[in-house]
Amino acid sequence: MKGDLDAAGGQLDAVLTLAPAFRIATITSYLADMDSLLRQRRFAGAERARDLRQQITAFTAAASPATAGGGEGR
């Protein structure tokens, strides 16, 4: 990400099109890391960072339960 919110958004756009069945733990874990970076103080108050975090939350919430939880199954 390296501090460029527009570049991060471009990378995220490519991932957001994945169907829930393909939202595997590896991807949701990567997005959790990205969300953590977007919570950093340097992005506080940045509307773009807030929008990206909301997109990550929605994507992860719609992930298949069997894959979003790290493959634990339910």
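Residues numbered from 1 in each chain as written. Predicted model: local features only at pLDDT ≥ 70, side-chain atom pairs only at ≥ 80, totals over all residues. Heavy atoms only, no water.

Examining helix α3 (residues 47-61)
Here comes step 1: Taking 1.5 Å per residue as the helical rise, α3 with its 15 residues ought to reach 21 Å, and the 21 Å between its terminal C-alpha atoms agrees with that figure.
Here comes step 2: Within the span of α3, buried status applies to A49, L52, I56 and F59. An end-on view of α3 places all buried positions within 90° of arc, on one side of the element. What points out from α3, more than 90 degrees from its buried face, is the exposed set E47, Q54, T57 and A61.
Here comes step 3: Against α1 (5-16) and α2 (25-38) lie the buried residues of α3. (Helix = DSSP H or I, 4+ residues; strand = E, 2+ residues; numbered from the N terminus. Expected span 1.5 Å × (residues − 1). Buried < 20%, exposed > 50% of the residue type's maximum accessible area, 1.4 Å probe, protein only. Arc of directions from axis to C-beta. Contact = heavy atoms within 4.5 Å.)

What about the nonpolar core?
Here comes step 1: Ranked by size, the top nonpolar core spans 12 residues in total: L5, A8, L12, V15, L31, M34, L38, F43, A49, L52, I56 and F59.
Here comes step 2: Contributing elements (two or more residues each) for this core: α1, α2 and α3.
Here comes step 3: Leaving out residues up to four positions away in the same chain, L31 has contacts with L12, V15, I56 and F59. (Core = buried A, V, L, I, M, F, W, Y, C linked by side-chain atoms within 4.5 Å.)

Here's the deal with the pattern of salt bridges
Here comes step 1: Under the definition given, this model contains 3 salt bridges.
Here comes step 2: In this structure, D6 engages R48 in a salt bridge whose closest nitrogen and oxygen atoms are separated by 3.7 Å. Taken as a pair, D6 in helix α1 and R48 in helix α3 lie far apart in primary sequence, 42 residues in all.
Here comes step 3: Given a relative accessible area of 30%, R48 falls into the partly exposed group.
Here comes step 4: When the shortest N-O distance is used, the salt bridge between D35 and R53 registers 2.6 Å. You can see D35 sitting in helix α2 and its partner R53 sitting in helix α3, a full 18 residues away along the chain.
Here comes step 5: Here the residues in one salt-bridge network are D35, R39 and R53, joined through shared partners. (Salt bridge = Lys/Arg side-chain N within 4 Å of Asp/Glu carboxyl O.)

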